[in-house]
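Topology and contacts: notes
In case you want the letters, here they are:
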Amino acid sequence: MKLIFSKYLLILWTLLLVVATQSVAQQNPGKVRGVILDKTNSEPLPFSTIGVYTDKDSLVGGGISDENGKFSVDLPFGKFYALIEFMGYEAHKTNGFTLTRENQNQDFGEIGLATTASDLNEVVVQGEKTVMELSLDKRIFNVGKDLANAGGNASDILMNLPSVAVDPDGNVRLRGSSNVRILIDGKPSGLVSFKGSSGLRQLPASMVERVEVITNPSARYEAEGMAGVINIILKKDSKQGFNGSFEVIAGYPLNTGFTANLNYRHNRINWFVNYGLTYREQPGVSNLYQEVYNENGTTSILNQNNASTVTGLNNNLRGGLDYYFNENSVLTLSYLWRRSDAHRITDIRYEDYLDSFDNYLGYSLRRQDETEDEPNKEAIVNYKRTFAQKGHEFIASFTYLNYWERSDQLFTENEFTPQGVEIPEGELVQTSLNDEYENQYLLQMDYVKPFATKGKFESGIRTSFREMKNDYLVQEQNESGDFVTLPGLDNIFLYNENILAAYGIIGNETGKWSYQGGLRAEHTDVETILVETNESNPRDYTNFFPSAHLTYNISEENAFQLSYSRRIKRPVYNDLSPYVTFSDQRNFFSGNPDLNPEYTDAFELGHIKYYEKATLFSTVYFRKTTDKIERIRQVNDDGFSVTAPYNLTGEKSFGVEFSGDYRVKDWWKLDFNANFFHARIDASNIGQTELRKTYSWLFRQTSRFTFGEGWDIQVRANYEAKQKTAQGYRKGIFFMDLSASKRILEERGTLTLNVTDIFNTRINRFISEGYNFYTEGESQMMRRQTNLTFAYRIKQ
């Protein structure tokens, strides 16, 4: 089946490519040529940029000069002028020229460019991109401008973005939904493989260039992620010569680190290296109150307190090169090596009562001592070919990902009477050894061909093969001092996933209207295996995911867009693995091998308006989800809980979102984001007789003040309102961040002081209820953090 489907996708994509190429091929009978030289020494200037414009300043064609400075651009008949640009030289605009059937060629001969007044070696680029670039189909956030990211990690960056919420445990939600696809440089990454979005805490923020948030993706993107796609772009430059940046971090609680981002381009080759080293101590606290209603009419009460400290050493090294066969043909090779070494100590105190706090039964003390090693490797080969016609391109990439994690844990537990006397028979010693492995192979090809005046056709194929293995063993010391395996906790879990996909998109503009429609087909073949017990659970299904976008441009500053897409959330490794976490003897977490995929139909109506000093982006959205995946808590008569994912009947949600920026004064700019939404959760299949209806909202506001002599101050306020879940609700969270920076060393250096969660109020609080229990808990795994960062830039 896989082979047949793979051949079908390849044939379909090839046919689409041929048809599109033949049907939309443009006839450009005219040609403009010339040679670009340094005006001072007559040396050729290779890789200069040539743009050809109409007399109304509309770009109609362009190209790049070759190694000898020569260029040739195919054009239709008409009246034009050319603009020639090269870094470090003044732009040159030619005289106007006309191409006709009688005069089909224009040869400018030698064109001399004059160097700019400043010596290139002394240039310091002081201009900065805006924090947020808004468009109807996606929002781009240039994270370097945000002072709150200094000294942080990729998870901190996401926490500071509009529409995005990151809870204290590192889980990411987009518009209130945790079903969001996170990519790095447009591809899956080991950072978000086993650990989910919490793995982003191992990536230094200074290695990130920008983040793209796409809430209703087109068929070009993989269909994974109900709420949308978050794409994290790492730093890389391509300017001629050497440029780079360095950053040193010191903070409390202990946070030290160093990062370097270096680029060197000479002629055809652009080298890039990113390195990050961080060492952190992360204290955390949590507590839990639980009532269990027994069949005999009594109530068992648990009061639990946890205190933990995690120390981690993280190394990130990314290097590679771009090889320019010419400026239209680029081969990129990159390699990422990452290693994380962590040590976790968690102390838990269980206090047991019967019916009330007046009837104290005793307490237990449990300690978790865990050592964790995580090496990770990624290799990427990418080829991009651009053609003379603007927007005409072909991209092919191959990605190999290798991930391994070893967790070695020791648990000790002692039981005491209410008077504090140890009970010898209550002593417990357990060990847990857990090895996790992953290999993933990803091949993707994308083709884009413009047609007519503003039309565009896109097509592509993607195939992904993923192999994951979890070898776990839990043992307990018996009375004779020997360790024996606990029943059901010695197994090898295998997860094999193959996804084959193809897509086609066509779009065009007519007057003030533009449209885009696409269809993506994905075939999924997943199998989970428990080796020791010989249990297999294969899944095999094919889905079609349509998408559509319709845009009406009232003017260049005012536009509407209506969009639709169908999305999927496949159960992944952690959702399916039956391995039970053992760090907490009373509260266990596991996967569910019987989970089904979750499907969502998403609709959006967006509006964007540009003003002289402001931008306003507003969206109304609706999502209908079937087989919604949510973690459900169950408690047995002994008061022990197991939390595992289950498919609910579904969910319907709708909301309205506003994002924008406003320059109040020359020295004061503010950004804001507000998201209001309503959701109805149908959990009737697990015993909830009534719909769970919830209204909630998120608000984030940032003010940035720019003063004289290089001073900047930034204040951010965040609020996430209470939100109901399938079994209870998550309480509201409010926190504030404060940052200040000073540019020094002739604008090349920046000192930044950053305090996140000034009032130490970022606490995750929840209530969960079932027919026989009531649970209330709170946790704060990320405390108030103060960082001092020094950054130095060379030719950036």
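Residues numbered from 1 in each chain as written. Predicted model: local features only at pLDDT ≥ 70, side-chain atom pairs only at ≥ 80, totals over all residues. Heavy atoms only, no water.

Along the protein, the regular secondary structure elements total three helices and 44 strands. Taken across its 796 residues, the protein has 52% of its residues classed as buried. For the protein, contacts bridging at least 24 residues in sequence account for 66% of all contacts bridging at least 6. As presented, the protein carries roughly 35700 Å² of accessible surface, and 54% of it is formed by carbon and sulfur atoms. (Helix = DSSP H or I, 4+ residues; strand = E, 2+ residues; numbered from the N terminus. Buried < 20%, exposed > 50% of the residue type's maximum accessible area, 1.4 Å probe, protein only. Contact = heavy atoms within 4.5 Å. Areas by Shrake-Rupley, 256 points an atom, 1.4 Å probe, with all protein chains shown as cover.)

Reading across the sheet, the three strands line up as S29-S33-S32 and stay open at both edges, with mixed pairing between neighbours. A single partner strand is all that each edge strand has here, and the edge strands are strand S29 (587–589) and strand S32 (629–635). Each strand of the sheet is rotated relative to its neighbour by a mean of 30 degrees, with strand direction disregarded. Relative to strand S33 (residues 641–647), S29 runs parallel, the two sharing three bridges. Residue pairing across strands places Phe 589 opposite Thr 643, the latter belonging to S33. (Pairing = 2+ DSSP bridges. Axes fitted to C-alpha atoms, helices over the stretch in contact; angles between N-to-C directions.)

Considering every residue of the protein, the mean pLDDT works out to 83; 85% of them sit at 70 or more. Per-element mean pLDDT across the protein ranges from 45 in helix H1 (residues 2–24) up to 94 in strand S43 (residues 773–780). Residue range residues 117–130 is modelled with pLDDT below 50. Its contacts to residues more than four positions away, or to other chains, number 19 contacts. (pLDDT = per-residue confidence, 0-100.)

Read from one edge of the open sheet, three strands run S4-S1-S8, paired in mixed fashion. Every interior strand has two partners, whereas the edge strands, strand S4 (70–75) and strand S8 (105–113), have only one. With strand direction ignored, the average angle separating the axes of adjacent strands in the sheet is 20 degrees. Where strand S1 (residues 30–38) meets S4, six bridges bridge the pair, whose relative direction is antiparallel. Along S4, the bridge assignment pairs Val 32 with Val 73.

Positive charge collects at one region of the surface, where Lys 624, Lys 652, Arg 680 and Lys 693 lie side by side. For Arg 680, the position within the fold is in strand S35 (residues 668–682). (Patch = residues over 30% accessible without salt bridge, like charges linked within 9 Å, V, L, I, M, F, W, Y side chains within 5 Å. Salt bridge = Lys/Arg side-chain N within 4 Å of Asp/Glu carboxyl O. Lys, Arg positive; Asp, Glu negative; His and termini not counted. Charge placed at Lys NZ, Arg CZ, Asp CG, Glu CD.)

In this section: the environment of Trp 668. For Trp 668, the position within the fold is in strand S35. A sequence separation of 35 residues divides Trp 668 from Ser 703, and the C-alpha atoms of the two residues are 7.0 Å apart. Contact partners of Trp 668, with chain neighbours within four places excluded, come to Tyr 662, Arg 663, Ser 703, Arg 704 and Phe 705. A polar side-chain atom of Trp 668 sits 3.3 Å from a polar atom in the side chain of Ser 703. (Polar contact = N/O pair within 3.5 Å; in protein donor to acceptor, adjacent residues only side chain to side chain.)

Should the charged atoms of two oppositely charged side chains come close, the side chains can pair. Across all of its chains, the model carries 26 salt bridges by this definition. Between Asp 601 and Arg 566 there is a salt bridge, with the nearest N and O atoms lying 3.0 Å from each other. Pair noted here: Asp 601 is in strand S30 (residues 598–610) and Arg 566 is in strand S28 (residues 558–569), with a separation of 35 residues, a long-range link. Here the residues in one salt-bridge network are Glu 224, Arg 520, Glu 522 and Arg 570, joined through shared partners.

Let us now look at the side chain of Ser 308. Relative to the helices and strands, Ser 308 resides in strand S19 (residues 299–326). Relative accessible area serves as the criterion here: at 13%, Ser 308 is assigned to the buried category. Among all residues touching Ser 308, those that are not within four sequence positions of it are Gln 282, Pro 283, Gly 284, Ile 345, Thr 346 and Met 781.

Attention now moves to the environment of Asn 754. For Asn 754, the position within the fold is in strand S41 (residues 749–756). Classification of Asn 754 as buried rests on a relative accessible area of 1%. Measuring from C-alpha to C-alpha, the distance between Asn 754 and Ser 739 comes to 4.3 Å, with 15 residues separating the pair along the chain.

This paragraph deals with the pairing of S35. Here strand S34 (residues 650–665) pairs with S35 via 15 bridges, running antiparallel. Residue pairing in the sheet places Phe 654 in a bridge with His 678 of S35. Connecting S34 to the antiparallel partner S35 that follows it, the hairpin turn spans two residues. Examined bridge by bridge, S35 and strand S36 (residues 692–706) share 14 bridges and lie antiparallel to one another.

Now for a nonpolar patch on the surface. The grouping of Trp 513, Tyr 515, Leu 550, Ile 554, Phe 560, Leu 562, Leu 605 and Val 620 at the surface amounts to a nonpolar patch, some 710 Å² of accessible area in total. Listed by contribution, the elements that provide at least two residues to the nonpolar patch are strand S26 (513–530), strand S27 (535–555) and S28. We classify Trp 513 as partly exposed; its relative accessible area is 43%.

In this section: the packing of aromatic side chains. Using the criterion set out here, one finds 21 aromatic pairs in the structure. Consider the rings of Phe 97 and Phe 108, whose centres lie 5.5 Å apart with planes at 80 degrees: the pair is edge-to-face. Residue Phe 97 is located in strand S7 (residues 97–99), and its partner Phe 108 is located in strand S8; the two are separated by 11 residues in the primary sequence. Classification of Phe 97 by relative accessible area gives buried; the value is 5%. For Phe 108, a relative accessible area of 22% gives the class partly exposed. (Phe/Tyr/Trp six-rings, centres within 6.5 Å; stacked < 30°, edge-to-face > 60°.)

Moving on to unusual backbone geometry. Outside of glycine, negative phi angles account for most residues, and trans bonds account for most peptide bonds. With an omega dihedral of -5 degrees, the bond running from Tyr 252 to Pro 253 counts as a cis peptide bond. When you line up the elements, Pro 253 lands in the loop between strand S16 (241–252) and strand S17 (255–266). For Ala 452, which is not glycine, the phi torsion reads 50 degrees and is therefore positive. Structurally, the position occupied by Ala 452 is in the loop between strand S23 (422–451) and strand S24 (455–477). At Asp 757, a position not held by glycine, the phi torsion is positive, near 55 degrees. Its location among the elements puts Asp 757 in the loop between S41 and strand S42 (764–770). With relative accessibility at 3%, the residue Asp 757 sits in the buried group.

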